[in-house]
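# Overview (structure and organization)
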Amino acid sequence: MTGFPRYAIYFAAGSDSALSRFGAELLGYDAYTGNELAFPADALRVAPDWRDVSADPRKYGFHATLKAPMALVSGRTEAELMAACAAFAGRPRPLPVIRPVVDSISGFIAVIPAEPVEALQQLAADCARDFDSFRATLSADDRARRKPEKLSERQRDYLDRWGYPYVMEEFRFHMTLTGRLDAERRGPILEMLRTRFAALGIEKLAIDRIALFRQDDASARFHIIDEWPLAQ
C-alpha cells in the first residue's frame, strides 16, 4: 500500500462505552489508547488461535467504516481534514439508531444492524461524498489489491469513482470481530460472541459520532486521533 499516513473516517462507540471495551478486548487492541489488551478467556477456549482469528480486524481497531482508508491528495493537510470532520459533524441530521446484533457477514463475524436504517445509509453516503476531495487517487497496485476481478460491475465502478467498492447501495454497516472463517469454525465462535454481546444488554445503538483514524506506515495499526459528536 502506497501513500502514508493514511486516514479513515469511522464510527467508534466512545472510549468509555461497553461496546468499545467489548470490541477492544476481543481484538486485543484499543484504538483509542494504542494499547494491546489480553484476549478474553472464553475466546481462547473456543479458539486457541484467537490471535490469528482476530488478526485482520486488529490492524484497524474496532470500528465501522464510513470513509475507507485513504492517503491525502497533494495539497491537503491533516489539519484541514480535521476541520472538515468538525464541520461535517456540526451539520444537523437525523441520528441513526440501530438494533445491533452479532452475525456472520461475507464469512466474517461482526456487529451489524438487525434491520436496514435509512438514516445510516445516508450518513455513510454523505461521508463517501463529502470527504472525497481529500482522497488521493488509488495507484494501480492499490486498486489491484481490491481484486476488482471478483467485484460486481457496480462495485468496480464505485472502486474507481470513490476508491472503495462498498459505498452507496453497496454499503453495509459492520463492526468486525474476526477474519473470514470457514463454516465449520464459524458456528462455535459465533455462539461465543453472541453470548458475550448479549451480556452487554445493548438493545439500541446510536451512531452518534465520527472518529478520524490514522495509520502512520504500512506496519502500523490505525489509531484514533480525534472524534466529533454528530449534531441533531
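This structure is a prediction, so every number in the text was calculated from the model and none was measured.

Enumeration according to the criterion identifies 7 aromatic pairs in this entry. What links up through ring pairs into an aromatic cluster is the set Tyr-10, Tyr-60, Phe-213 and Phe-222. Above the ring of Phe-88, the side-chain terminus of Arg-93 is found at 4.2 Å from the ring centroid. It is Arg-161 that lies over the ring of Trp-162; its NZ or CZ is 3.8 Å from the centre.

In this section: empty space enclosed by the protein. In the structure shown here, the tally under the stated rule is 2 cavities of 30 Å³ or more. The space that makes up the largest cavity amounts to roughly 40 Å³. Looking at the largest cavity, the residues that line it are Thr-65, Leu-66, Ala-124, Ala-128, Tyr-164, Tyr-166, Val-167, Met-168 and Phe-171. Secondary-structure elements contributing two or more residues to the lining of the largest cavity are β2 (64-71) and α6 (118-130). Tallied by class, residues from the lining of the largest cavity come to 8 nonpolar, 1 polar and no charged.

Estimates place the volume of the largest pocket at around 1400 Å³. Every residue lining the largest pocket is counted, 48 residues in all, and those nearest its centre are Tyr-60, Arg-146, Tyr-164, Tyr-166 and Arg-180. Taken together, the elements giving at least two residues each to the lining of the largest pocket come down to β1 (6-11), α3 (50-53), α4 (55-58), β2 and α7 (140-145). Ranked by the residues each element gives to the lining of the largest pocket, the list is headed by β2, at 5 residues. Classifying every residue of the lining of the largest pocket by side-chain character gives 21 nonpolar, 14 polar and 13 charged. Roughly 150 Å³ of internal volume is contained in the second largest pocket. Along the walls of the second largest pocket sit Ile-105, Ile-112, Pro-113, Glu-115, Pro-116, Val-117, Leu-120, Gln-121, Phe-171, Arg-172 and Phe-173, which together make up its complete lining. When residues of the lining of the second largest pocket are traced back to their parent elements, those giving at least two are β5 (108-113) and α6.

This brings us to the nonpolar core. In this structure, Phe-11, Trp-50, Leu-81, Phe-173, Leu-193 and Ile-210 are the most contacted members of the largest nonpolar core, which totals 49 residues. In terms of residue count, helix α9 (residues 183-198) provides more of this core than any other element does, 5 residues in total. Setting aside anything within four residues of it in sequence, one finds Leu-81 in contact with Tyr-7, Ile-9, Met-70, Leu-72, Phe-131, Phe-134 and Leu-212.

Turning to helix α8 (residues 153-162), a few remarks are in order. Here α8 has its buried residues at Gln-155, Tyr-158, Leu-159 and Trp-162. Across the axial projection of α8, the buried residues extend over an arc of 105°, all falling on one side. Buried-residue contacts for α8 involve β2, α6 and α7. Directly after α8, the chain includes Gly-163, whose backbone phi takes a positive value near 80°.

Our next topic: helix α1 (residues 18-27). With 7 of 10 residues buried, α1 lies mostly within the body of the structure. For α1, the complete set of buried residues consists of Leu-19, Ser-20, Phe-22, Gly-23, Ala-24, Leu-26 and Leu-27. Positioned one or two residues after α1, Gly-28 has a phi angle of 75°, which is positive.

At their nearest, the axes of α1 and α9 sit 11 Å apart, and the two run at 150° to each other. On the basis of their axis angle, the class for α1 and α9 is roughly antiparallel. Helix-helix and strand crossings are classified by hand; for α1 and α9 the assignment is right-handed. Across the interface between the two elements, Leu-19, Phe-22, Glu-25 and Leu-26 of α1 pack against Leu-193, Arg-196 and Phe-197 of α9. Of the residues contributing to the contact of α1 with α9, the split by class is 5 nonpolar, no polar and 2 charged.

Attention now goes to the state of the cysteines. The tally for this structure, following the rule as stated, stands at 0 disulfides. There is no disulfide at Cys-85, and the cysteine sulfur nearest it, in Cys-127, is 8.1 Å away. The exposure class assigned to Cys-85 is buried, which follows from its relative accessible area of 0%. Taking relative accessible area as the criterion, Cys-127 reaches 0% and is therefore assigned buried.

Conventions and cut-offs
Residues numbered from 1 in each chain as written. Predicted model: local features only at pLDDT ≥ 70, side-chain atom pairs only at ≥ 80, totals over all residues. Heavy atoms only, no water. Phe/Tyr/Trp six-rings, centres within 6.5 Å; stacked < 30°, edge-to-face > 60°. Lys NZ or Arg CZ within 6 Å of the ring centre and 35° of its normal. 1 Å grid on protein atoms, 1.4 Å probe; cavity = no way out; pocket = protein on both sides within 12 Å on 5 of 7 lines; lining within 4 Å. Points joined across faces, edges and corners; volume = space filled by probe spheres on them. Helix = DSSP H or I, 4+ residues; strand = E, 2+ residues; numbered from the N terminus. Nonpolar A, V, L, I, M, F, W, Y, C, P; charged D, E, K, R; others polar. Core = buried A, V, L, I, M, F, W, Y, C linked by side-chain atoms within 4.5 Å. Buried < 20%, exposed > 50% of the residue type's maximum accessible area, 1.4 Å probe, protein only. Contact = heavy atoms within 4.5 Å. Arc of directions from axis to C-beta. Axes fitted to C-alpha atoms, helices over the stretch in contact; angles between N-to-C directions. Parallel < 35°, antiparallel > 145°, perpendicular 65-115°, else oblique. Left-handed = near helix turned anticlockwise from the far one by under 90°. Disulfide = S-S within 2.5 Å.

Any functional reading would require information beyond the geometric quantities listed.
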